[in-house]
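In case you want the letters, here they are:
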Amino acid sequence: MTDHIRIERRDGLNIIRLNRPEKKNALTQDMYAAMNAALEEGEASDEIRVHVMLGVEGIFTSGNDIADFMKMASGGDLSGGEVHRFLHNMAGLKKPFVTGADGIAVGIGTTIHFHADMTFATPRTNFHTPFTDLALVPEAGSSLLVPHLAGHQRAYAMLAAGLPFSAEEAREAGLIWKVVEEDRLESETLAAAAALAKKPPEAMAIAKDLLRRTEREAISSRIDEEVRLFGERLKSAEAMAAFQAFMMRKK
Ligand code: COA
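Bear in mind that the values here come from a model prediction, so they are computed numbers and not experimental data.

Peer 1: Explain the packing of aromatic side chains to me, please; I cannot follow it from the model alone.
Peer 2: The relation between two aromatic rings is expressed through the spacing of the ring centres and the mutual angle of the planes. Counting across every chain of the model gives three aromatic pairs. Note on Phe-69 and Phe-243: the rings are 5.4 Å apart at their centroids and 25° apart in plane angle, and the pair reads as stacked. Here Phe-69 is found in helix H2 (residues 66-74), whereas its partner Phe-243 is found in helix H10 (residues 237-248), with 174 residues between them in sequence. Accessibility expressed as a relative area gives 7% for Phe-69, which makes it buried. Overall, Phe-243 belongs to the buried group, its relative accessible area being 0%. Ring pairing ties together the aromatic residues Phe-69, Phe-230 and Phe-243, which thus form one cluster. Geometry around Phe-246 places Arg-249 over its ring, the cationic atom sitting 3.9 Å from the centre.

Laid out in C-alpha cells, this is it:
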C-alpha cells in the first residue's frame, strides 16, 4: 500500500488525505487503489458516517500522474481499472462526501468535487481542467454534471476551453459550497463533516438518494462513455506529444 494516501478514521469520519506533495499530489494507480479501498471500507462500515477528502497545504492535487498516463496509453483499455472504479465509487456513495481544496486543483483535482455534497475551497484555489490542451476529453461525469450545475457556457469555458476558475467563480457557478480562508479550511471542512455525521444516517442516505436519483444512471453511463473516449485519446499522437512536452518542459 502507498503512503501517498493517508487514512484517518475518527468520530464517524473517513478522512482520506492526498499526500504526495513532492509531485503536487499527482495521482498514481496505487493512490487510486488506496482511495478505492478507503471508500469501499467506509461505505461498508457502521462506524463511518461521512467521507472526507483533503490535500495538503497549497495542494489538493495536480490531477492524474502524467507519467502514469503515458503507461496507460501503452496498456489495454481503461475499463475496469482503478481510475474507472474510483469514479464509480465516488458517484455511487450513499454516505455524505465532503471535500476541502487549497491551491492546486487540476484535472480530476477539480472533477472530484462535482461528486461531493459539500466542497470548501480557499481563495487561492485554482480549479483547472486542461483536458483538451492535453488532447484529452472531460472525465468523471463532468461533461454531464457541469452543464447541469452551471449551464453550457460555463461548462464550455471550463471543460472545452480549459479556462481556470477561481474558488469564487466556482462558488458563484454553483460548483462548490463555500470559500474559506486558508487557515480555516481544515477546521471548517471537518466541522461540516462532523455536523453531518451527527445526523440520523438512514434519513441522510434517503435524502441524498432523492437528490441524486434522477441523474444517477445517466452519470454512471456518462462515466463509462468518457472512460472509453479518454482511453482512445490517451493513445493519440497529439496526447503523447502533450505529455512529452510536460515531461520535457524543464530540460
Ligand atoms: N503528473 C506527474 N508529475 C507531476 C504532475 C502530474 N500531473 N504535476 C506535477 N508533477 C511533478 C512535476 O513534474 C515536478 O516534478 P519534478 O520536481 O520531479 O520535476 C513536481 O511535480 C513539481 O511540479 P512543478 O510543475 O515543478 O510545480 P509548479 O508549481 O511549477 O506547477 C502545476 C504546478 C500543477 C501547475 C504543474 O505541475 C502542472 O501543470 N502539472 C500538470 C497538471 C496536469 O496537466 N494534470 C493532468 C490533468 S488531466
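Peer 1: When you look at the packing of helix H3 (residues 82-91) against helix H9 (residues 201-234) in this model, what are you seeing that I'm missing?
Peer 2: Working note: a packed helix pair is described by the angle between its axes plus the distance between those axes. Where H3 meets H9, the axes come as close as 10 Å, and the angle between the chain directions of the two elements is 165°. By the angle class used here, H3 and H9 are roughly antiparallel. Where H3 crosses over H9, the handedness of that crossing is right-handed. Across the interface between the two elements, His-84, Leu-87, His-88 and Ala-91 of H3 pack against Arg-216, Ile-219, Ser-220, Ile-223, Asp-224 and Val-227 of H9. Taken together, the residues of the contact of H3 with H9 break down into five nonpolar, three polar and two charged.

Peer 1: Got a minute to help me understand the pattern of salt bridges in this structure?
Peer 2: For side chains bearing opposite charge, pairing can occur when the charged atoms are close. The final tally for this structure, using the stated rule, is 19 salt bridges. Here Arg-184 ties to Glu-188 by a salt bridge, and the two come within 3.0 Å at their closest N and O atoms. The class of Arg-184 is partly exposed, set by a relative accessible area of 45%. Assessed through its relative accessible area of 23%, Glu-188 is described here as partly exposed. We note a salt bridge from Asp-209 to Arg-213, for which the minimum N-O separation is 2.7 Å. Of the two residues, Asp-209 and Arg-213 are both situated in helix H9; the distance of four residues between them amounts to about one turn of the helix. By relative accessible area, which is 21% here, Asp-209 ends up partly exposed. Members of the salt-bridge network, linked through shared partners, are Glu-40, Glu-82 and Arg-85.

Peer 1: What am I meant to see in the sheet that holds strand S5 (residues 97-101) here?
Peer 2: Consider a sheet: its strands pair through backbone hydrogen bonds, and that pairing is either parallel or antiparallel. Taken in spatial order, the six strands of this open sheet run S1-S2-S3-S5-S7-S10, and their pairing is mixed. Every other strand in the sheet has two partners, leaving strand S1 (5-10) and strand S10 (178-179) as the edge strands with one partner each. Both strand S2 (residues 13-18) and strand S3 (residues 50-54) contribute to a ladder of five bridges, which runs parallel. The residue bridging Arg-17 from the neighbouring strand is Leu-54, located in S3.

Peer 1: Got a minute to help me understand the packing of helix H1 (residues 29-44) against H3 in this structure?
Peer 2: Remark: H1 packs on H3, axes separated minimally by 9 Å, with the N-to-C direction vectors making an angle of 30°. Regarding the angle of H1 to H3, the classification is roughly parallel. Note on packing geometry: the crossing formed by H1 with H3 is left-handed. Contacts between H1 and H3 pair Gln-29, Tyr-32, Ala-33, Met-35, Asn-36, Ala-37, Leu-39 and Glu-40 from the former with Glu-82, Val-83, Arg-85, Phe-86, Asn-89 and Met-90 from the latter. Broken down by class, the residue content of the contact of H1 with H3 amounts to eight nonpolar, three polar and three charged.

Parameters at a glance
- Residues numbered from 1 in each chain as written.
- Predicted model: local features only at pLDDT ≥ 70, side-chain atom pairs only at ≥ 80, totals over all residues.
- Heavy atoms only, no water.
- Phe/Tyr/Trp six-rings, centres within 6.5 Å; stacked < 30°, edge-to-face > 60°.
- Helix = DSSP H or I, 4+ residues; strand = E, 2+ residues; numbered from the N terminus.
- Buried < 20%, exposed > 50% of the residue type's maximum accessible area, 1.4 Å probe, protein only.
- Lys NZ or Arg CZ within 6 Å of the ring centre and 35° of its normal.
- Axes fitted to C-alpha atoms, helices over the stretch in contact; angles between N-to-C directions.
- Parallel < 35°, antiparallel > 145°, perpendicular 65-115°, else oblique.
- Left-handed = near helix turned anticlockwise from the far one by under 90°.
- Contact = heavy atoms within 4.5 Å.
- Nonpolar A, V, L, I, M, F, W, Y, C, P; charged D, E, K, R; others polar.
- Salt bridge = Lys/Arg side-chain N within 4 Å of Asp/Glu carboxyl O.
- Pairing = 2+ DSSP bridges.

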